[in-house]
Amino acid sequence: MTDSKYFTTTKKGEIFELKAELNSDKKEKKKEAVKKVIASMTVGKDVSALFPDVVNCMQTDNLELKKLVYLYLMNYAKSQPDMAIMAVNTFVKDCEDPNPLIRALAVRTMGCIRVDKITEYLCEPLRKCLKDEDPYVRKTAAVCVAKLHDINAQLVEDQGFLDTLKDLISDSNPMVVANAVAALSEIAESHPSSNLLDLNPQSINKLLTALNECTEWGQIFILDCLANYMPKDDREAQSICERVTPRLSHANSAVVLSAVKVLMKFMEMLSKDLDYYGTLLKKLAPPLVTLLSAEPELQYVALRNINLIVQKRPEILKHEMKVFFVKYNDPIYVKLEKLDIMIRLASQANIAQVLAELKEYATEVDVDFVRKAVRAIGRCAIKVEQSAERCVSTLLDLIQTKVNYVVQEAIVVIKDIFRKYPNKYESVIATLCENLDSLDEPEARAAMIWIVGEYAERIDNADELLETFLEGFHDESTQVQLQLLTAIVKLFLKKPTETQALVQQVLSLATQDSDNPDLRDRGYIYWRLLSTDPVAAKEVVLAEKPLISEETDLIEPTLLDELICYIGTLASVYHKPPSAFVEGSRGIVHKSLPPRTGSSESAESPDAAPSGAPPSEQPAVIPTQGDLLGDLLNLDLGPPVSGPPVATSSVQMGAVDLLGGGLDSLMGSTSFTAPSTVVPASLGAPLSGGLGDLFDLAGGVGTLSGSYVVPKTVWLPAMKAKGLEISGTFSRQVGAISMDLLLTNKALQVMSDFAIQFNRNSFGLAPAAPLQIHAPLAPSQTVEISLPLNTVGSVMKMDPLNNLQVAVKNNIDVFYFSTLYPLHILFGEDGKMERQMFLATWKDIPNENEAQFQIRDCPLSADAVSSKLQGSNIFTVAKRNVEGQDMLYQSLKLTNGIWVLAELRIQPGSPSFTLSLKCRAPEVSQYVYQTYETILKN
Amino acid sequence: MIHSLFLVNCSGDIFLEKHWKRVVSQSVCDYFFEAQEKAADVENVPPVISTPHHYLISIYREKIFFVSVIQTEVPPLFVIEFLHRVADTFQDYFGECSETAIKDNVVIVYELLEEMLDNGFPLATESNILKELIKPPTILRSVVNSITGSSNMGDTLPTGQLSNIPWRRAGVKYTNNEAYFDVIEEIDAIIDKSGSTVFAEIQGVIDSCIKLSGMPDLSLSFMNPRLLDDVSFHPCIRFKRWESERVLSFIPPDGNFRLISYRVSSQNLVAIPVYVKHTISFKENNTSGRFDVTIGPKQNMGKTVEAVIVTVHMPKAVLNMNLTSTQGSYTFDPVIKVLTWDVGKITPQKLPNLKGTVNLQSGASKPEENPSLNIQFKIQQLAISGLKVNRLDMYGEKYKPFKGVKYITKAGKFQVRT
């Protein structure tokens, strides 16, 4: 007697037959019939036609039958709203039933019927059930509020259910508390602004008490809710941590991970000197490792989270390398994640073990895994210098296996090793060249070509090798084409005598026969460089390359901090903040780690650290290769950057004639005939103009148009930064904000590997591109650079508001300084408000937000003031003359959307102005006033 | 929270769907099928898949995919844990968690799912509570039900549901009061070519079967609790007592449950009870290779190693194997290229050996990879970590229970590289 019988029916009208049975007088037959209906439903068959007949069975004292009918109702009520009304009466009656099980069942089911008309009838019974004497009913009702909110949010608010729900957080029964928290969290997710979960020390205390007594699922809800709380000081943080720690021993992995999240977050507030901090670190390791012995799906999620934790606090798992060793029958998704973490944990102490493992993996069956293992060996070499030699020899061993994909991966990583340790391992080039023919993947081909070009002088037959690649030039991918172009130009510059024909061929292939604009542009740039100034060409193309950094794939620190707040969630699996992928995430509030309090140490905030403080354990992140500008000329493996090439060397753009002077004499009698016929029309003037612009942009900071620029001041004196002096200013031009820097090397040592980072600041200013300094900075050399900025970084209110904390890294150390930026770099070009709007807004902003300032000693006329300000995006909306005074009404808009309205009163003949500012965020007024002063007085 | 659940079998048919909120169309599973196709092997389907509007979180158990659909930010571990709980419940109710079992009991399955989750929030997942709400099917009961017309659904509120000990029902009564504990330890290890241990750790559990009347309060103490520094507890255990006294104090659930699981980490020395001598080699430009494996006891504390099974995933190029064994029997499945050697008991006087030739596909190049050996074994009456139960005390009830502790050591993921 199994349920499979419910699936077998006679051929003649199944529905018809069921109808008859449902209307049967016999209870037992009815129940069987409903079971058949449910069985059909489970496999997705449409049995909605039986709606009235099934609903008729609802009035019964048989609980099983009732539940079955409810199951049916939940599924089909939406499609038959009018019929569903028929059920309402029974629900209302059941909510009064003496049996709490039936009351709860009724309120639970009603919430699942997603029909607007019914929801109105639901309110009264729900209100009663929320205050029911039986906790089982209350906890069911709490969830029902969340259901109702999903159907009709307005109704829930109007009926005051949210307040009742908040009251349930203080309920005496832990299960009710847990469900109330869960319901509120779900509602809050669709209402980020509403401060539903208003946590204070009292409610936190209640939650912590309930945490010990509720079910495992309730514990997850409560822990996730706790993680959103911001303790007021380190003592409170510690006491919460102490009460959460026992959860680390829970059998449910989700409870464990949620507890880890709370601890990781609150730990941020604890002083590292505390004994408790060390204890906590020790306690975190075992539960994380235990997660890895669970089912593979759990392991996967755990590993993704451990990946974040290892980046944030490597010390937790540094002794646990072995648990990440791969078993041959782990699912592939687990293997790949383990490998990633192994590399992150690799250090001098364990590198031998790691390498032995990686070598083992490189002979496995799974191609993706093998590739990643080979790549990992390369990353170890770059990360742990002492191991580089061993890594290289391991890679050579692997190349000997001649397994195609292994060889290709090995070549790609060896190229990176060359860049990290120049002039050390070039002896292996010969071995690499032997495998030239077997390379069929673009990345490997491009890497090999780069190697040949870079070390052309050491490879006797470099020209032959490159020539073989050139044969199929048009069939290659862009990556390979670009690389080949650069490599041949390098070769030509190194061995000009034998390779003229080759360089000519590649230039014409790139510029004339290709449809790819990047390739063409690069071709022309080389061509022009070679033809105008071969010496400059040499300087640019063969410039010394910056060394690549250790870890190219670290998550950016601010993002990492945000992700730490999302441990255990989908965001942690995707390593993206929820705003990046959760659908309908209207205005998700960015979470951030709490600042450390009450301790002497504050390594993470640059302002408190004296300059020259040892770099904290957070490594500066150097962007991946694709972004580095040096790549354009040297190593462009990523998508080609078509952006502004920065050439600090002065390239003479005057000579428009492509065939002019330099190259001709270099090439002797060979002549470029083809371009002279094709190029001029399309290229001559416009291109040179365009290129000129490009170089102009990069070379100096245009100060003709755009906002007022404050003269550069010294930000970081040389004595505080081991010889690096930085002075700079900010500018805004046609909407683009940039930070113009002057870096001077006053030390006796060459500086290289520059990188820059901003701390979170009030307006989210962040570098839009990495700091691009190609050539190392020689002693007493100065380089001028303009760093483009954007305002999409993370936001944290600073005091003063326009304070910016900057960290600059070079090969010597990391230096910190802070500077104030003039607010007008944030004034948008769209800051002109309509007259009507202006009036309305001015009235709308409450008077207490108005601030008045005096600007003295400014002998300018109203028109002059107006035009001067307009240059910095402060727009005059209207001008009036009232009682002999000129009144200017002005508006401006900050990059974060805040409008500031101004009234400027100018008394002819008097050099003092009165400035009244109105803004919804009055704290900016003072800084706007400062800006007025600076602009008007300069 | 969890929106919907689809059960999918290995051939890609959806054989059950359950929705806790809106009905989500079956077509959402197409993204899952796509991933399944890409993964080649069923075990390699990624557990979290994103689709344009939903996320699919799945587990693979007993040849069934449990695919859940979620729409908002939900902790994935929460979903995965819950899905495993669903599978456990099916196992518990129907004796097996298989497609046929689920189809045969589809109505109960539906009632269970409804009881376990409300609006995506877990409601009742403890087996004790569920069984009070919905009685498991038995042949006798279904016969009785069909005669008397009574239902297999409880109509009173389960007592455990709201108490502080939700895992235990009230009014438990047995004529024989018994408490059994099984200390089961699994050795996870990777042994390298030369026979040295790359990695080894012990995963232990204490599974209990408690049939005691009333509300017994138990304390279990160990001879060497120091060994247990990384432990996960059943919710019934009082954490504070453990912290202060290293004693497991708890009011047990009724019936079978896992009391604790623990890990003896790689920092401690782990005894490896067997060793393997092996030569697996393929000759260059030849269609054959050699295979020779001997297995012997190592640190087995004087106990017998039994139920030994060696499995080897041979390289793809292997066509057939021609072997002779001194003990036990072997099979080679030429389709999936898996060699299984059922050794049985190891007697130190005569070490089991399996050797012979490997035939390769003609024309295939010499296989690059070295197959790993997967070893299973069992040792009765031994917990390899040395963990020993000291005593079990019972408070709160007057009767004298019958107590028993059993130890067993098994191979977990025990791999020997060649």
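What counts as what
Residues numbered from 1 in each chain as written. Chains lettered and ligands numbered in written order. Predicted model: local features only at pLDDT ≥ 70, side-chain atom pairs only at ≥ 80, totals over all residues. Heavy atoms only, no water. UniProt positions renumbered as here; feature names shortened; annotations may be inferred. Helix = DSSP H or I, 4+ residues; strand = E, 2+ residues; numbered from the N terminus. Buried < 20%, exposed > 50% of the residue type's maximum accessible area, 1.4 Å probe, protein only. Contact = heavy atoms within 4.5 Å. Core = buried A, V, L, I, M, F, W, Y, C linked by side-chain atoms within 4.5 Å. Axes fitted to C-alpha atoms, helices over the stretch in contact; angles between N-to-C directions. Parallel < 35°, antiparallel > 145°, perpendicular 65-115°, else oblique. Left-handed = near helix turned anticlockwise from the far one by under 90°. Nonpolar A, V, L, I, M, F, W, Y, C, P; charged D, E, K, R; others polar. Phe/Tyr/Trp six-rings, centres within 6.5 Å; stacked < 30°, edge-to-face > 60°. Pairing = 2+ DSSP bridges. Polar contact = N/O pair within 3.5 Å; in protein donor to acceptor, adjacent residues only side chain to side chain. Salt bridge = Lys/Arg side-chain N within 4 Å of Asp/Glu carboxyl O. Buried area = accessible area lost by both parts, 1.4 Å probe.

Per an unreviewed UniProt entry, chain B goes by the name Adaptor related protein complex 3 subunit mu 1 and belongs to Pelusios castaneus. According to the UniProt record, the Sequence similarities (unreviewed entry) comment for chain B reads "Belongs to the adaptor complexes medium subunit family."

Going by the annotation in an unreviewed UniProt entry, the name recorded for chain A is AP complex subunit beta, with Pelusios castaneus given as the source organism. Recorded in UniProt under Subcellular location (unreviewed entry), the annotation for chain A is "Endomembrane system". The UniProt entry for chain A carries the following comment under Sequence similarities (unreviewed entry): "Belongs to the adaptor complexes large subunit family."

*Asks:* What exactly am I supposed to notice about the overall build of chain B here?
*Replies:* A tally of helices and strands in chain B yields seven helices and 23 strands. Counting only residues that meet the buried cut, chain B has 57% of its 418 residues in that class. Considering only contacts in chain B between residues 6 or more positions apart, those separated by 24 or more positions represent 68%.

*Asks:* How do you make sense of the overall build of chain A when you look at a structure like this?
*Replies:* Counting its regular elements, chain A contains 37 helices and 13 strands. Counting all 938 residues of chain A, 58% fall into the buried class. For chain A, the share of sequence-separated contacts (at least 6 apart) that also reach a separation of at least 24 residues comes to 68%.

*Asks:* How should I be thinking about the nonpolar core in this particular structure?
*Replies:* Nonpolar side chains tend to gather and get buried jointly when the protein is soluble and globular. Residues and elements named next belong to chain B. Core analysis: the biggest nonpolar cluster contains 287 residues, and Phe-66 and Phe-90 have the highest contact counts within it. Aside from chain neighbours lying at most four places away, what touches Phe-66 is Leu-5, Phe-6, Leu-7, Ile-57, Ser-58, Ile-59, Arg-61, Leu-83, Val-86, Ala-87, Phe-90 and Cys-97. In this structure, Leu-228, Leu-248, Ile-272 and Met-314 belong to the second largest nonpolar core, which totals 74 residues.

*Asks:* What exactly am I supposed to notice about the packing of helix 14 (residues 234-244) of chain A against helix 15 (residues 253-267) of chain A here?
*Replies:* Between two packed helices, the angle of one axis relative to the other and the distance separating the axes together describe the packing. Residues and elements named next belong to chain A. Running from amino to carboxyl end, helix 14 crosses helix 15 at an angle of 160°, the nearest separation of the two axes being 10 Å. Here helix 14 lies roughly antiparallel to helix 15, going by the angle between them. With respect to the hand of their crossing, helix 14 and helix 15 are arranged in left-handed fashion. When helix 14 is examined against helix 15, the residues Ala-237, Ile-240, Cys-241 and Val-244 are found in contact with a partner set consisting of Ala-259, Val-262, Leu-263 and Phe-266. Classifying every residue of the contact of helix 14 with helix 15 by side-chain character gives eight nonpolar, no polar and no charged.

*Asks:* For this particular structure, what's the right way to read the packing of helix 7 (residues 116-130) of chain A against helix 10 (residues 161-168) of chain A?
*Replies:* All names here are of chain A. At a minimum axis separation of 11 Å, helix 7 and helix 10 run at an interaxial angle of 15°. When the interaxial angle is binned, helix 7 and helix 10 end up roughly parallel. Classified by chirality, the crossing of helix 10 by helix 7 is left-handed. Across from Cys-123, Leu-126, Arg-127 and Leu-130 in helix 7, the residues of helix 10 making contact are Phe-161, Thr-164 and Leu-168.

*Asks:* Sorry, what's going on with the packing of aromatic side chains here?
*Replies:* Any aromatic ring pair is given by two values, namely how distant the centres are and how the planes are angled relative to each other. Residues and elements named next belong to chain B. Counted under the stated rule, the structure contains 29 aromatic pairs over all chains. Both rings, one in Phe-377 and one in Phe-414, keep their centres 5.4 Å apart while their planes meet at 80°; by these two values the pair is edge-to-face. Here Phe-377, found in strand 21 (residues 373-380), pairs with Phe-414, found in strand 23 (residues 402-416); they are 37 residues apart in sequence, far enough to count as distant. Taken as a pair, Phe-377 and Phe-414 share a single burial class, namely buried.

*Asks:* How should I be thinking about the sheet that holds strand 7 (residues 803-809) of chain A in this particular structure?
*Replies:* Strands belonging to one sheet form pairs held by backbone hydrogen bonds; the direction of such a pair is parallel or antiparallel. Residue and element names in this part refer to chain A. Spatially, 4-7-8 is the arrangement adopted by the three strands of the open sheet, whose pairing is antiparallel. A strand with exactly one partner marks an edge of an open sheet, and here the two such strands are strand 4 (755-758) and strand 8 (814-820). With direction set aside, neighbouring strand axes in the sheet form an average angle of 25°. Strand direction decides the pairing type here: strand 7 and strand 8, joined by seven bridges, are antiparallel. From the neighbouring strand, Lys-809 faces strand 8, where its bridge partner is Val-814.

*Asks:* What is the right way to look at the sheet that holds strand 13 (residues 255-264) of chain B in this model?
*Replies:* Residue and element names in this part refer to chain B. The strand order across the open sheet formed by nine strands is 11-13-9-8-23-21-16-19-18, and the pairing between neighbours is mixed. With partners counted over all chains shown, the strands left at the sheet margins are strand 11 (231-233) and strand 18 (329-333), one partner each. Each strand axis lies, on average, 15° off the axis of its neighbour in the sheet, ignoring direction. Summarising the sheet, strand 8 (residues 178-191) and strand 9 (residues 197-211) pair through 14 bridges and their orientation is antiparallel. Bridged to Ala-189 within strand 9 is Ala-200.

*Asks:* I tried to follow the environment of His250(A) on my own but got confused; where do I start?
*Replies:* Relative to the helices and strands, His250(A) resides in the loop between helix 14 and helix 15. Separated by 37 residues in sequence, His250(A) and Pro287(A) place their C-alpha atoms 9.0 Å apart. Once you skip the residues sitting within four places of it in the chain, His250(A) turns out to touch Glu216(A), Gln219(A), Val255(A), Val256(A), Ser232(B), Phe233(B) and Pro235(B). In this structure the side chain of His250(A) is engaged in a polar contact, spanning 2.9 Å, whose partner is the backbone nitrogen of Asn252(A).

*Asks:* What is the right way to read the pattern of salt bridges from this model?
*Replies:* Should the charged atoms of two oppositely charged side chains come close, the side chains can pair. All told, the structure shown has 51 salt bridges over all chains when counted by the stated rule. In this structure, the salt-bridge partner of Arg108(A) is Asp118(B), at a minimum N-O distance of 4.0 Å. Here the residue Arg108(A) occupies a position in helix 6 (residues 100-112), and Asp118(B) occupies one in strand 6 (residues 117-118), the pair thus bridging two chains. In this structure, Arg108(A) and Asp118(B) share a single accessibility class: buried.

*Asks:* Hey, could you run me through the interface of chain B and chain A in this one?
*Replies:* Interfaces are often described in size by the accessible area the parts lose on coming together. With 97 residues of chain B at the contact, the number on the chain A side is 102 residues. Between chain B and chain A, the buried area comes to about 8600 Å², and carbon and sulfur atoms account for 57% of it. Note that Glu357(A) is salt-bridged to Arg417(B), the shortest N-O span being 2.8 Å. Where chain B touches chain A, the interface holds 22 residue pairs in polar contact (both at pLDDT 80 or more).

*Asks:* Even after reading the chapter, I still don't get the environment of Arg169(B), so can you show me in this structure?
*Replies:* For Arg169(B), the position within the fold is in the loop between helix 6 (139-148) and strand 8. The spatial distance from the C-alpha of Arg169(B) to the C-alpha of Met215(B) is 9.1 Å, given a sequence separation of 46 residues.

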